[in-house]
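Read off the chains here:
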Amino acid sequence: MQEEWLTVDTAWLEQAACLDMPVDAPLNEGMQGELLDRCRRCPVRETCLEYALSRKLQWGVFGGTTGNQRRTLSVERVRAISAAMTEPLEV
Ligand code: SF4
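Rules used in this analysis
Once a new chain begins, its residue numbering starts again from 1 and follows that chain's sequence as written. Where local features are concerned, this predicted model is filtered to residues with pLDDT of at least 70; where side-chain atom pairs are given and counted, the filter is 80 or more; whole-chain, interface and lining totals use all residues. By definition, a residue lies near a molecule or strand when the C-beta atom built from its backbone is within 6 Å of it. Helical segments are the DSSP runs of H or I of at least four residues, strand segments are the runs of E of at least two, and each set is numbered from the N terminus. All residues other than Ala, Val, Leu, Ile, Met, Phe, Trp, Tyr, Cys, Pro, Asp, Glu, Lys and Arg, Gly among them, are scored as polar; the first ten of these are nonpolar and the last four charged. Here a nonpolar core is just a set of buried residues of the types Ala, Val, Leu, Ile, Met, Phe, Trp, Tyr and Cys, joined wherever their C-beta atoms sit within 7 Å. Working definition of burial: number of other C-beta atoms within 10 Å of the residue's own, with buried at 20 or more, exposed at 12 or fewer, and partly exposed in between, all C-beta atoms being placed from the backbone. What counts as a contact here is a pair of residues whose C-beta atoms, placed from the backbone, lie within 7 Å. Relevant arc is that of directions from the helix axis to the C-beta atoms, nothing else.

Residue-level account of the site of the ligand, with values.
Lining the immediate environment of the ligand, one finds 15 residues, of which A16, C18, C39, C42 and C48 sit closest. Of all elements in the fold, only α2 (29-40) and α3 (45-54) reach the threshold of two or more residues within the shell around the ligand. Considering each element in turn, the shell around the ligand owes the most residues, three residues, to α2. Partitioning the shell around the ligand into residue classes produces 11 nonpolar, two polar and two charged.

Okay, here's the thing in structure tokens:
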């Protein structure tokens, strides 16, 4: 019998805007802010968030949300925060 992690489809990770950054470890504020900026323009943000919610991942940035938000807010509120992210304005 295969372990679950071997059967999970993670092909979406290849499109992640944060491929070169750690996303599943405690982050300092600067790194967290940079990650959240990348989430704004990430093509797989919704998939990333659902991945974290389905696994109850409580640390790190996923889908434009922080671990603290996922620990303390309702799933509906967390989804709304992620969905409200938009591309940063060009200056
Ligand atoms: S949504 Fe954010 S954390 Fe998730 S893959 Fe994209 S950039 Fe990375």
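Here the narrative resumes.
How would you summarise the nonpolar core if you had to cite specific residues and measurements?
Where a protein is soluble and globular, its nonpolar side chains tend to be buried together. Counting residues in hydrophobic clusters, the biggest one holds eight residues: L27, L35, C39, C48, L49, A52, V61 and F62. Broken down by secondary-structure element, the contributors of at least two residues to this core are α2 and α3. At three residues, the largest contribution of residues to this core is made by α3.

Which residues make up the environment of I81, and what values do they have?
Secondary-structure assignment places I81 in helix α5 (residues 75-84). Residues I81 and G63 lie 18 residues apart in sequence; the distance between their C-alpha atoms is 9.4 Å. Aside from chain neighbours lying at most four places away, what touches I81 is G64, T65 and Q69.

Hey, could you go over unusual backbone geometry for me, with residue numbers and the actual values?
Residue K56 is not a glycine yet carries a positive backbone phi of 55 degrees. Looking at the secondary structure, you find K56 in the loop between α3 and α4 (67-72). In this structure K56 comes out as exposed when scored by C-beta crowding, with 8 C-beta atoms within 10 Å.

Lay out the environment of V78 with the relevant residues and their values.
Structurally, the position occupied by V78 is in helix α5. For V78, a count of 22 C-beta atoms within 10 Å gives the class buried. Sequence separation between V78 and L49 is 29 residues, and the spatial gap between their C-alpha atoms is 8.8 Å. With sequence-adjacent residues up to four places away left out, V78 is seen in contact with T65, Q69, R70 and L73.

Summarise α3; cite the residues concerned and give the values.
Within an α-helix, residues lying three or four positions from one another point in the same direction, as the helix has 3.6 residues per turn. Burial in α3 covers these residues: R45, C48, L49 and A52. Down the axis of α3, the buried side of the element spans an arc of 95 degrees, and every buried residue falls inside it. In this structure, the buried residues of α3 make contact with α2, α4 and α5. Directly beyond the C-terminal end of α3, a positive phi value near 55 degrees is found at K56.

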